[in-house]
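Residues per chain are reported as follows:
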Amino acid sequence: MTTEKAKLKRPQKSAEERRHDIVAAASELFAEHGFQSTDTQTVADKAGVGKGTLYRNFKSKEELFKATLDMHLDELRATVVRARESEQDPLEKLRATWLAYIGFFEQNNNIIELFIEERLYFRDQERSLYFTRLERSRDEWRALFEDILRVYPNDEVTASELMDISGQLVHGAVLLSQHTAITQSTRQRVDLMMRIFMHGFIKPGQDNI
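Cut-off values and rules
Residues numbered from 1 in each chain as written. Predicted model: local features only at pLDDT ≥ 70, side-chain atom pairs only at ≥ 80, totals over all residues. Heavy atoms only, no water. Helix = DSSP H or I, 4+ residues; strand = E, 2+ residues; numbered from the N terminus. Rg over C-alpha atoms; globule rule 2.2 N^0.38 Å. Buried < 20%, exposed > 50% of the residue type's maximum accessible area, 1.4 Å probe, protein only. Contact = heavy atoms within 4.5 Å. Areas by Shrake-Rupley, 256 points an atom, 1.4 Å probe, with all protein chains shown as cover. Lys, Arg positive; Asp, Glu negative; His and termini not counted. Charge placed at Lys NZ, Arg CZ, Asp CG, Glu CD. Core = buried A, V, L, I, M, F, W, Y, C linked by side-chain atoms within 4.5 Å. Domains from an automatic or database assignment. UniProt positions renumbered as here; feature names shortened; annotations may be inferred. Axes fitted to C-alpha atoms, helices over the stretch in contact; angles between N-to-C directions. Parallel < 35°, antiparallel > 145°, perpendicular 65-115°, else oblique. Nonpolar A, V, L, I, M, F, W, Y, C, P; charged D, E, K, R; others polar. Salt bridge = Lys/Arg side-chain N within 4 Å of Asp/Glu carboxyl O. pLDDT = per-residue confidence, 0-100. Phe/Tyr/Trp six-rings, centres within 6.5 Å; stacked < 30°, edge-to-face > 60°. Lys NZ or Arg CZ within 6 Å of the ring centre and 35° of its normal.

S.K.: So what about the overall build of the protein chain? Which residues, and what values?
M.R.: Looking only at helices and strands, the protein chain features 11 helices and 0 strands. Taken against the 2.2 N^0.38 rule, which gives 17 Å for 209 residues, the C-alpha radius of gyration of the protein chain at 22 Å runs more than 25% over that of a compact globule. Dimensions of the protein chain along its principal axes, counting C-alpha atoms only, are 80 × 35 × 35 Å. Across the 209 residues in the protein chain, those meeting the buried criterion constitute 40%. Sequence-distant contacts in the protein chain: of pairs separated by 6 or more residues, those separated by 24 or more amount to 66%. Approximately 13,300 Å² of the protein chain is accessible, and the part contributed by carbon and sulfur atoms is 50%. Mean positive and mean negative side-chain charge positions of the protein chain (30 and 34 charges, respectively) differ by 7 Å.

In C-alpha cells, the structure reads:
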C-alpha cells in the first residue's frame, strides 16, 4: 500500500483532538528541555502535525506554554473536586482532597518543572497562572472550611485561616517530595498531616503557651 493510500485510510482527528495532541506533546517537551530550548517544530513533529497547524492553534510558543499549564491545572482541579465530592463529612472531604492533590503531583512530577519554568521566563506576570486560578477558587474552597467549623466548632480560628494553613501544608508536602527521599506512603503522610492539623502535637496539659 502506498504512503498516500495509508494516509487516506488513517482516521482523521478533530480539531479539538489535534489541539490536545499539540498541548500534550508540548507539555512533555517543555518539562524535559525547558521553555527556552524547546523548538515548536519539535513539538509539531512529536504531535504528528505540521508546524502550520500548530501556529493556527497557538499564535506563539508563549501561548502554547500557557496552554500546557491550563491543561494541567484543569486536570488538577477535576481530580481534587472529584475527590472532595466523594465524601460526606467535611474533614473526610479535606483528607480526600489532600490525598488527591499530593497524589496528582506524585504521578505527574514533571508538572512542577513547568511551574518553575513559568516563574523563570514570565517574570513580567504579576502572578503565576497557578496562583491566579487558586485565588479565583478561594470562595468555593472556603465553603469547605466553613463546613468543618460548623461540624467541629472552634472559635479560635477562622475558615480563611484554616484554608491558608491547609494550603501551606499540601504545597509544602508536594515540594518536599520533589527533593527528599520519602519512605512513607502518600496515605500515611496525609494521615499524619491530618492528625496534626486537627489536634496539634502537644498533649492536653502540656501547653505552656
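Still more to cover.
S.K.: Can you explain the nonpolar core? Please cite residues and give values.
M.R.: Most often, soluble globular proteins keep nonpolar side chains buried together rather than apart. Counting residues in hydrophobic clusters, the biggest one holds 57 residues, and the most contacted among them are Leu64, Tyr101, Phe105 and Phe145. When residues of this core are assigned to domains, at least three fall in each of domain 1 (14-58) and domain 2 (68-199). Residues in contact with Leu64, not counting those within four places in the same chain, are Ile22, Val23, Ala26, Phe30, Val43, Leu54 and Phe58.

S.K.: A description of the UniProt feature "domain: HTH tetR-type" (unreviewed entry) in the protein chain should follow, citing residues and the corresponding values.
M.R.: UniProt marks residues 16-76 with the feature "domain: HTH tetR-type" (unreviewed entry), using the numbering shown here. Secondary structure content for residues 16-76 is 80% helix and 0% strand, while the C-alpha to C-alpha distance between its ends is 20 Å.

S.K.: I'd like a description of the packing of helix H2 (residues 15-33) against helix H5 (residues 61-84), backed by residues and values.
M.R.: At their nearest, the axes of H2 and H5 sit 9 Å apart, and the two run at 95 degrees to each other. Viewed along their axes, H2 and H5 adopt a mutual orientation that is roughly perpendicular. Across the interface between the two elements, His20, Ile22, Val23, Ala24, Ala26, Ser27 and Phe30 of H2 pack against Lys61, Leu64, Phe65, Ala67, Thr68, Met71 and His72 of H5. The residue makeup of the contact of H2 with H5, split by class, is 9 nonpolar, 4 polar and 1 charged.

S.K.: Which residues make up the pattern of salt bridges, and what values go with them?
M.R.: Inspection of the entire model under this criterion finds 15 salt bridges. Between Glu140 and Arg77 there is a salt bridge whose closest N-O contact spans 3.1 Å. On the criterion of sequence distance, the pair formed by Glu140 in helix H9 (residues 138-151) and Arg77 in helix H5 is long-range, its members being 63 residues apart. Accessibility expressed as a relative area gives 37% for Arg77, which makes it partly exposed. Across the salt bridge formed by Arg189 and Glu106, the nearest N and O atoms sit 2.6 Å from each other.

S.K.: Let's hear about the confidence of the model for the protein chain: which residues, and what values?
M.R.: Counting all residues, the mean pLDDT for the protein chain is 89, and 90% of those residues have values of 70 or more. The weakest mean pLDDT in the protein chain belongs to helix H1 (residues 3-9) at 50; the strongest belongs to helix H3 (residues 40-47) at 97.

S.K.: Please set out the packing of helix H6 (residues 90-107) against H9 residue by residue, giving values where relevant.
M.R.: Running from amino to carboxyl end, H6 crosses H9 at an angle of 140 degrees, the nearest separation of the two axes being 8 Å. If you check the angle between H6 and H9, you find them oblique. Counting all contacts with H6, which are made through Pro90, Leu91, Lys93, Leu94 and Thr97, the residues of H9 involved are Trp141, Leu144, Phe145, Asp147, Ile148 and Val151. The residue makeup of the contact of H6 with H9, split by class, is 8 nonpolar, 1 polar and 2 charged.

S.K.: Provide a residue-level description of the packing of aromatic side chains, including the pertinent values.
M.R.: Considering all chains together, one arrives at 12 aromatic pairs under this definition. Centre to centre, the rings of Phe30 and Phe65 are 5.1 Å apart; their planes meet at 75 degrees, and the pair counts as edge-to-face. Here Phe30 is found in helix H2, whereas its partner Phe65 is found in helix H5, with 35 residues between them in sequence. Taken as a pair, Phe30 and Phe65 share a single burial class, namely buried. Three or more aromatic residues joined by ring pairs make a cluster, and in this case those are Tyr101, Phe104, Phe105, Phe115, Tyr130 and Phe131. In this structure, Lys61 packs its charged tip against the face of Phe35, placed 4.7 Å from the ring centre. Stacked on the ring of Trp141, the Lys or Arg Arg84 has its end atom at 4.5 Å from the ring centre.

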